[in-house]
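# Descriptive analysis of the structure
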Amino acid sequence: MSKLKIAFQGEPGANSHIAIVEAYPDAEPMPCATFEDALSAISSGEADLGMIPIENSVAGRVADIHHLLPASGLFIIGEWFLPVRHQLMAVKGTKLEDIKSVESHVHALGQCRRVIRKLGIRPIVAADTAGSARDISERKDKSVAAIASRLAAEIYGLDILAEDIEDEAHNTTRFVVLAREPKWAAQGSGPLVTTFVFRVRNLPAALYKALGGFATNGVNMTKLESYMVDGNFFATQFYADVDGHPDDRGLAFALEELKFFSREFRIVGVYPGNPFRATFSEKME
């Protein structure tokens, strides 16, 4: 039986690679140069699933995905949370005082500002964390370091000069698991998340009215993002996560009201809430 093949954006050793290893230890990670390539690999059947970052507790949302996911026609069947630990690495034999610049993904650089400032080195934006590790390993330049994962240091034979250099201990990335076909979790099977996208009708207070049903029916909305459609300042699409299953009485009524005030609506996934959610849930007031 062939291994499950899971696409991710980045190079071997990227945080998405680590998320796959943790969530699906028997699967075959499939690196892709861009998010578009990863989504295309899933759509074409070249990959069975995709592990795609959607938001980070420090850097916020991964903007590209909110544009690409709704148009991809793919479905969310699960989620994974990865506490992110950044390592400062360089070619073997390098000392901290040798470093003049550091390369990594823009989010990784932003998440390690304090150490970069303390060391007085110049940050240089690269395509991704693991790619920067591979690049400096090939260049053999002791004046340049990379910020990447411990796995990347192992893969590319680099020395870790400083461990766990992220500014915030809570630094965590949420990933969604994408598939070609919907796979709704069974109602009543535990804590569930329903993700959907919608566009409201061009009416006064349409968004207010569309969302009112979630409040009146006691549905907890954990995420609401907006973004422009086709570069149109007046065409806004919304991406939302709510607790529950669409067949739950309260959520069913809320979605019915939402659809009445929306010109477009699509459920992107109904999937189990990852147990990691329990570590940051707030007390109800």
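Residues numbered from 1 in each chain as written. Predicted model: local features only at pLDDT ≥ 70, side-chain atom pairs only at ≥ 80, totals over all residues. Heavy atoms only, no water.

## Topic: the packing of aromatic side chains
In total, this model carries 6 aromatic pairs according to the counting rule given. When the centroid spacing of 5.0 Å and the interplanar angle of 85° are considered together, the rings of Phe260 and Phe261 count as edge-to-face. On the accessibility criterion, Phe260 (55% relative accessible area) is exposed. Site record: aromatic cluster; members linked through ring pairs are Phe196, Phe198, Phe214, Phe238 and Phe265. Looking at Arg201, its charged tip hangs above the ring of Phe260, at a distance of 5.8 Å from the centre. Across the ring face of Phe75, the terminal group of Arg266 is positioned such that the distance to the ring centre comes to 5.6 Å. (Phe/Tyr/Trp six-rings, centres within 6.5 Å; stacked < 30°, edge-to-face > 60°. Buried < 20%, exposed > 50% of the residue type's maximum accessible area, 1.4 Å probe, protein only. Lys NZ or Arg CZ within 6 Å of the ring centre and 35° of its normal.)

## A short note on the environment of Glu154
Note that Glu154 resides in helix α7 (residues 150-156). On a C-alpha basis, the gap between Glu154 and Gly13 in space is 8.4 Å, while along the polypeptide they are 141 residues apart. (Helix = DSSP H or I, 4+ residues; strand = E, 2+ residues; numbered from the N terminus.)

## Section: the pairing of strand β7 (residues 101-104)
Residues Ser101 and Glu103 line one face of β7 and the alternating positions Val102 and Ser104 line the opposite face, and both faces are buried. As defined by bridge partners, β7 adjoins strand β8 (residues 122-125) across 4 bridges and the pair is classed as parallel. Paired with Val102 across the strands is Pro123, a residue of β8. As judged from the 3 bridges shared by β7 and strand β9 (residues 144-148), these two strands associate in the parallel manner. Looking across to β9, one finds that Ser101 is bridged to Val144. (Pairing = 2+ DSSP bridges.)

## Points about the layout of surface pockets
Here the largest pocket defines a volume of roughly 550 Å³. Around the largest pocket sit 26 residues that line it, and Gln9, Phe35, Pro53, His105 and His107 are the ones nearest its centre. Elements that contribute at least two residues to the lining of the largest pocket include exactly α1 (15-23), α2 (35-44), β3 (49-56), α3 (63-72), α4 (106-110) and β11 (172-179). The element that contributes the greatest number of residues to the lining of the largest pocket is α4, accounting for 3 residues. (1 Å grid on protein atoms, 1.4 Å probe; cavity = no way out; pocket = protein on both sides within 12 Å on 5 of 7 lines; lining within 4 Å. Points joined across faces, edges and corners; volume = space filled by probe spheres on them.)

## Re the nonpolar core
Ala7, Ile52, Ile65, Leu69, Ile76, Leu178 and Tyr239 are the most contacted members of the largest nonpolar core, which totals 24 residues. Residue assignment for this core shows that the elements contributing at least two residues are β2 (28-32), α2, β3, α3, β11, β12 (192-200) and β15 (262-272). With 5 residues, the single largest contributor to this core is α2. The residues contacting Ile52, other than those within four sequence positions of it, are Phe35, Ala38, Leu39, Ile65, Arg174, Phe175, Val176 and Leu178. Listed in part, the 17 residues of the second largest apolar core include Ala206, Leu251, Ala254 and Val270. (Core = buried A, V, L, I, M, F, W, Y, C linked by side-chain atoms within 4.5 Å. Contact = heavy atoms within 4.5 Å.)

Limitation: the analysis is restricted to geometry and does not speak to function.
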